[in-house]
Amino acid sequence: MHIHKLEKVWLIFGVAMLAVFLTIIGVSAFASGNQPPSDATLIDPTKVDQTKPFDKPGLTKIDDGVYEAVMVSQAFQFTPGDMEVPKGATINFLVTSKDVVHGFQIVKTNVNMMVVPGHINSMSYTFKEAGEYLIVCNEYCGNGHHMMATKIKVVDSE
Amino acid sequence: MNAISKKLKQFEMERGMPAAEIGLKEARIGYAHVSFSLVALLIGGLCGLLQTMVRTGTIPEIAGIGYYELLTAHGLMLAIVFTTLFIYGLLYAFLAQSFGRFESFPSRLAWLGFWFMLLGVLLVTWMVLAGEASVLYTFYAPLKAHPVFYIGLVIFVIGTWIGSAAMFRMYADYKREHKNVHPPLQAYMSIMTVLLWDVATLGVAATILFQLLPLSLGWTDKVGIELSRTLFWYFGHPLVYFWLLPAYIVWYTVIPKIVKGKIFSDALARMSFLLFLLFSFPVGFHHQLLEPGISAFWKYVQVVLTFLVIIPSLMTAFSMFATFELAGRRLGAKGLFGWVKKMPYRDVRFLAPFIGMLFFIPAGAGGVINASHQLNIVVHNTLWVTGHFHITVGAAVALTFFGSAYWLVPVLRGRTLTPAIQRLGIWQTMAWTVGMLFMSTAMHISGLLGNPRRTGPAKYFQDSIVADWIPYHTAMAIGGTILFISIILFLVAMYKLSFTAPRGTEEFPVAETEEAAMDTPMFFENWKLWIFVTFALIAFAYTVPIWHMIENAPPGAPGWRLW
């Protein structure tokens, strides 16, 4: 099959660019560990309240400047509600759902993951700047979906 | 289709009967689908307009129809019904143009498919308007709609399968009568498009029939959510190519004729469609990058495969601009960009698809961003994504369909496109362009500011960021209003072309291939091989992760009705 010389140049350039992009995101993913949230942990979605650690959702300090936020999504709220951490704290978020699929997005950050019943999803984030951070559900979950949100306060530590 | 039917067509043309470009019977089939799609366009467009108004708080909910019912209807009517019905009408016209008369068996199949689609859409619409199915057009498990909603969807899909069977039959008949000859390019591309749809809908049919419908009927009380979502997105991404390919058929085979040029290469056009078939399926995980229960490794594999499906679009872009430049030079254009001045911008049949192509340049770049593994996290489920497919399906595809309707509808109705309707078409196209620039730009930017998609009028405790989103909501409402005006102008033009324009023979624009282009190799007709390779790639990309999903399935989740 005949391919015009200029088309060959165009396609070689295009495919080379795609290869460059894939190499960059591949190295970032597998060498630097920048993977999208892909937690494989399972949970019975009908027994969230009885399953550790979701029987006691909340914010726990697990190390100096490191916190674990165990959170439950359900229509149309996040538990626990407002949380507070000092500036510079790292929070490991562990989230699951008691009913339908929800989203978990912290506005102005790169925290964004799907919360699927039967699964636990997780991400870590270090809050370097003080202020109020808004957590919203960004997956449609019912007629109160747009009211599903909470906040994290990041305060200047003394 | 055979010598007799060709003679009949000839006879009809000599007598100057209506719809001389294609037969009356064929035209009726095409027009039934197209007119049905226009009704969906009106309803879906109206819902979209009302949505922008509700989100800005300009109007409260109307007659108890809430934001999410509007959103469900908007998505279903435009993304599923308008697109699919218009596509089927367009493809029947391409096949009638390519093959001449339809035999009675495939004609009856085409009508049967049409009635199934109509029945399916009526059932689904009834359920949505009755508030029994506010599950959006993605109906993710474990949201549980009324069983009739799922039954309607199944009947609709069966209708599309019957219609595609009619098309396959016509293609097979032609091949039997014409050994060792390539079926016409438009016919090849049309068949590729419905084949892609059929393979894609296997996934969504599986999750509806085996998971969602039994749950809704109460036959089962639990559902495996990740499996359902994976089956949905196995369908969801090729779905966008099902929208795109008919637009590409117009770009490859119709636009060259309108710009007084030729098809750059028949073989490369077929090659790009073949690549779409092969690479459209093993890519669904790029919609599920942020989900638990799927390993990051298999997500990356599908990201790589997603990038392969960019290649046929690069080929298409080259062919288009090569066609434009060659046509421009024939018309006396000089220099690298002289052709730009030689294009028929006052012809809506060219202008609307051409602006669609321009929209597709940033849209394609945005698509690469969305599929880029880690980068997806910045935009996932924000209004950026909504903006993305308003410039893909809502601009590149929709504008191409609009531009095509200005010759397709008069061809199907035995009428002619008058200069007055041409001018109306230019205004309509400009309105759509301006409206979509407002809407999609606002969506993209506010998405980057974190504004979630598919979300009603949210206050979020009066957070300061919400105030930052407000101007963009206003811009979306302005865009939505202009877009709706464009729909009204379009429907006025379609009404005139259907019922009041002068009778006559409108040209069915089909371009010839450049003489310099090489012969098309016969391997394109090796359907068994290509279908095998398609399924082999699907098996490669999905077997291990789906096996993993089933092996390591969590306890099932019950269904919920939360509206």
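Residues numbered from 1 in each chain as written. Chains lettered and ligands numbered in written order. Predicted model: local features only at pLDDT ≥ 70, side-chain atom pairs only at ≥ 80, totals over all residues.

1. A word on the overall build of chain A
- Across its full length, chain A holds one helix and ten strands.
- Secondary structure elements of chain A occur, N-terminal to C-terminal, as α-β-β-β-β-β-β-β-β-β-β.
- For a compact globule of 158 residues, the expected C-alpha radius of gyration is about 15 Å, and chain A comes in at 20 Å, more than 25% above that figure.
- Its C-alpha atoms put chain A at 65 × 40 × 30 Å along the principal axes.
- Across the 158 residues in chain A, those meeting the buried criterion constitute 39%.
- Considering only intrachain contacts with a sequence separation of at least 6, the fraction spanning at least 24 residues in chain A is 59%. (Helix = DSSP H or I, 4+ residues; strand = E, 2+ residues; numbered from the N terminus. Rg over C-alpha atoms; globule rule 2.2 N^0.38 Å. Buried ≥ 20, exposed ≤ 12 C-beta atoms within 10 Å, placed from the backbone. Contact = placed C-beta atoms within 7 Å.)

2. With respect to the domain arrangement of chain A
- Splitting chain A by domain gives domain 1 (1–35) and domain 2 (48–155).
- Between the C-alpha centres of domain 1 of chain A and domain 2 of chain A there is a distance of 37 Å. (Domains from an automatic or database assignment.)

3. Overview of the pairing of strand E1 (residues 58–63) of chain A
- Within E1 of chain A, only zero of the six residues are buried, leaving the element largely exposed.
- Here E1 of chain A folds back onto strand E2 (residues 66–74) of chain A, and the loop between the two strands holds two residues, one of which, Gly65 of chain A, carries a positive phi near 75°. (Pairing = 2+ DSSP bridges.)

4. Some thoughts on the pairing of strand E10 (residues 149–155) of chain A
All names here are of chain A.
- Inspection of the sheet shows strand E4 (residues 83–86) paired to E10 by four bridges, in the parallel sense. When the sheet's bridge partners are listed, Glu84 is paired in E10 with Lys153.
- One ladder, built from six bridges, connects strand E9 (residues 131–136) with E10; its direction is antiparallel. Opposite Leu134, over in E10, you have Lys151 as the bridge partner.

5. Considering the interface of chain A and chain B
- Counting from both sides, the interface comprises 57 residues of chain A and, opposite them, 59 residues of chain B.
- When residues of the side of chain A that touches chain B are assigned to their parent elements, the largest contribution, twelve residues, is made by helix H1 (residues 5–30) of chain A.
- Of the residues belonging to the side of chain A that touches chain B, the class tally is 30 nonpolar, 20 polar and seven charged. (Nonpolar A, V, L, I, M, F, W, Y, C, P; charged D, E, K, R; others polar.)

6. Considerations on the environment of Lys257 of chain B
Residue and element names in this part refer to chain B.
- One can find Lys257 in helix H7 (residues 225–258).
- The partly exposed category is assigned to Lys257, around which 19 C-beta atoms lie within 10 Å.
- Through-space distance from the C-alpha of Lys257 to that of Thr513 is 9.9 Å; in sequence the pair is 256 residues apart.
- Once residues lying within four places of it in the same chain are set aside, the contact partners of Lys257 are Pro509, Val510 and Ala511.

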